[in-house]
Every structure is written in structure tokens, then in C-alpha cells.
Amino acid sequence: MSPAIRHFLSVADWSAEELLAMLDRARELKRLHARGRRPRTLEGLTLALYFEKPSLRTHVTFEAGMTQLGGHAILLHRGQVGVGTRESAADVARNLSRWIDGLVARTFSHALVEELASHATIPVINGLTDLLHPCQAMADLLTISERKPLREAEIAYVGDGNNVANSLLLAAAVLGLRLRLGTPASHRPAVRIRERAAELAARSGARITFTDDPVEAVRGADFVYTDAWTSMGQEHEAGERRRIFEPYRVDAALLAHAPDALVMHCLPAHRGEEITDEVLDGERSIVFDQAENRLHAQKAILERVMSV
Ligand code: CP
Ligand code: NVA
């Protein structure tokens, strides 16, 4: 692998300064976009998007982002490419590296994205794995920063300690933020993610706490974030998960403990499960700002890793 290549597999692979620089660029790209200006910084470059799971936001924002930056995107489906079945991950990565300039991969296994990256000589961006969703975290940071300076924000996450929560946790740890995670003890972020976050937090001064009490998590928060109780690939556990997460629903009663909080969700929402219609569609919801910011945050990521 060329030493110049930087993959975007986890926010924890990047320094606070680097993440903040990408967020600054995302803000600038968003301002330019609002004025109808679309700098063609990736003119002539091609990005492939490989999806093992469904997607609306990640697919559309990466594809539109490449178009807006003057490049091109190709959508690859699992059945068509068969990474690990029709052809090894290593060979797929080697082939793509000979033709194009970047790869976004959404896979079940995080190890598969790491394997693709280890054999690619083009940057690989994690478009969500069972473990992490770093592009979502960048859009979330951008969205929070539009409302409050990041280091002043009291962020609460309630629900499943899964990929979205893991990346939010790592982002808070890198950047020195304040985050309270309210999850059942059985569904806290993975041990290896908590350990990595603790190492990073010791350096950044991040204040991160874990509780199984959703009220304690959200009390006095500026932002209350939740994600689906049943993630893609866990559908067979849906009934059990509804039972486990029932006390963690973001509804008006829970939000009464955070009267000034804005509400966040990565989407897609399972309305009536982790979040009620009333909250998702209410005045305090900034979920569509988050969705909008996927475009701008990812354009900044694309420029950072693909610019020649
Ligand atoms: N939030 C998110 O990643 O949405 P999609 O699954 O639609 O890409
Ligand atoms: N945790 C969810 C996020 C979807 C964007 C999932 O993995 O399905």
C-alpha cells in the first residue's frame, strides 16, 4: 500500500485536528452548495460503492457527492460482485485499485472492510459495518456543531450500543466531548470499542459515562440521539429486542427529562419502536439536518482521502 493512502474505516484512525479540518471543509462545502457553487475538486475520479446491505442515505449522498465534486460513482451490488463468494476480497480490492480511485464498502463484517482496505491501493471508506458507521458520526458532529460548540454540547445516546453508538463514542473520545450512553448493560458498545474510547478519552479529556438508566442518560442533555433497536441483519432477534429496549424509547415522557434537548436519529427509523412519530416529527427533531449533512460531511471525507 502506498504510504500516502489513508482509509476512512474508523474515526479513531484520525486525529482530532484532522477530523475538525474535515468538518470545517464540510461546512464550507455546505455554504458553497447553498450558493449554487460546486467545486470540481475530484474531476475525472471514480468511486465504487459496494453494498451488502440496503441503503438510502449512504448510497445517494456518496453518489451525488461524487457528481457534485466533478467525479463519478459506480454502484456495485453484492450479488453482482460476490466478494468472498465469486472472488476473494483481496482480488476484488486489487482489481478495483487498477481502475478507479476510491471504494465505499457497506458490509456485515467489519473484518471484511479491513481486508478490502489491506489489499487496496486506493482509499477505502467504511459505509457502515456491524461494528462502526464513521461517516454517520461525521455528519452527526457537523449537525451538533451547527447548534452548539462541540466541546460545550451535552450529548446523550439512548438505545442499542451498536455501530452508530460505537462511532459516536469514538468520535467523542477523539474530540474530547461529553457523552452519556444509556443502554441495557447487555447492549453496551463492544468491549474493544469501550477500551479504545477510554484510551482516547484519557488523552482528549472527553467525559464519557455509561448507564443502563435512560432517564439518567438524557437528564439535562442538549442532544438526545437514538438508533434502531433492530439493525440490518438482526431481524431474527426483533421480538426479543423490542422487549429488551422497551424502556429506552425516545418519547415525550423521556424527553421531559431533557426539556432543551434536540433529537437526533441516523435513520431509517422504526417509528413507534425506538422513537415515536410525535418526537421524530416534532419541533425538536433535527434528524433531517443529519441526513442532509451526510452529503457535505462525506464530500469533505472524499476530498480528504481521494484528492490527488
Ligand atoms: N443512516 C444511514 O446510513 O442510512 P442508510 O442506511 O439509508 O444509508
Ligand atoms: N444500526 C443501524 C444503522 C442504520 C443506518 C443498522 O446497522 O441497521
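Located above this text is the structure these notes cover.
Conventions adopted
Residues numbered from 1 in each chain as written. Chains lettered and ligands numbered in written order. Predicted model: local features only at pLDDT ≥ 70, side-chain atom pairs only at ≥ 80, totals over all residues. Heavy atoms only, no water. Near = heavy atom within 4 Å. Polar contact = N/O pair within 3.5 Å; in protein donor to acceptor, adjacent residues only side chain to side chain. Nonpolar A, V, L, I, M, F, W, Y, C, P; charged D, E, K, R; others polar. Helix = DSSP H or I, 4+ residues; strand = E, 2+ residues; numbered from the N terminus. Pairing = 2+ DSSP bridges. Axes fitted to C-alpha atoms, helices over the stretch in contact; angles between N-to-C directions. Contact = heavy atoms within 4.5 Å. Expected span 1.5 Å × (residues − 1). Bend = angle between axes of the 7 residues up to and from the residue. Areas by Shrake-Rupley, 256 points an atom, 1.4 Å probe, with all protein chains shown as cover.

A. Expanded view of the site of ligand 2. If you check the shell around ligand 2, you find L128, N162, N163, V164, D227, S231, M232 and L267 and nothing else. D227 is positioned such that a nitrogen or oxygen atom in its side chain is 2.6 Å from a nitrogen atom of ligand 2. S231 has a polar side-chain atom sitting 2.7 Å from a nitrogen atom of ligand 2. Here the shell around ligand 2 is composed, by residue class, of four nonpolar, three polar and one charged.

B. Structural context of the environment of H257. Structurally, H257 can be placed in the loop between α11 (252–255) and β9 (262–265). When the C-alpha atoms of H257 and V218 are compared, they prove to be 6.5 Å apart, with 39 residues separating the residues in sequence.

C. Here's a closer look at the sheet that holds strand β2 (residues 72–77). Ordered by their spatial adjacency, four strands build an open sheet running β2-β1-β3-β4, and the pairing between neighbours is parallel. Each end of this open sheet is capped by a strand with a single partner; those strands are β2 and β4 (124–126). When the angles between neighbouring strand axes are averaged without regard to direction, this sheet yields 20 degrees. Its contacts with the sheet place helix α2 (residues 57–68) against β1 (46–51), β2, β3 (102–106) and β4, and it is angled at close to 175 degrees to β1.

D. Structural view of the side chain of Q234. Mapped onto the elements, Q234 comes out in the loop between β8 (223–226) and α10 (238–245). Only 2.8 Å separates the side chain of Q234 from the backbone nitrogen of S231, close enough to count as a polar contact. Beyond its immediate stretch of four places on either side in the chain, Q234 contacts D160, N162, W229 and R241.

E. Just helix α13 (residues 287–306), in detail. Taking 1.5 Å as the rise per residue, α13 with 20 residues should run 28 Å; its terminal C-alpha atoms sit 28 Å apart, in good agreement. At N293, α13 shows its maximal kink, close to 30 degrees.

F. Representation of the site of ligand 1 within the structure. Around ligand 1, the neighbouring residues are S55, L56, R57, T58, R106, H133, Q136, C266, L267 and R294. Taking L56, its main chain carries an N or O atom lying 2.7 Å from an oxygen atom of ligand 1. Within the side chain of R57, an N or O atom sits 2.8 Å from an oxygen atom of ligand 1. Coverage of ligand 1 by the protein amounts to 96% of the 250 Å² it exposes when considered alone. A per-class count over the shell around ligand 1 returns three nonpolar, four polar and three charged.

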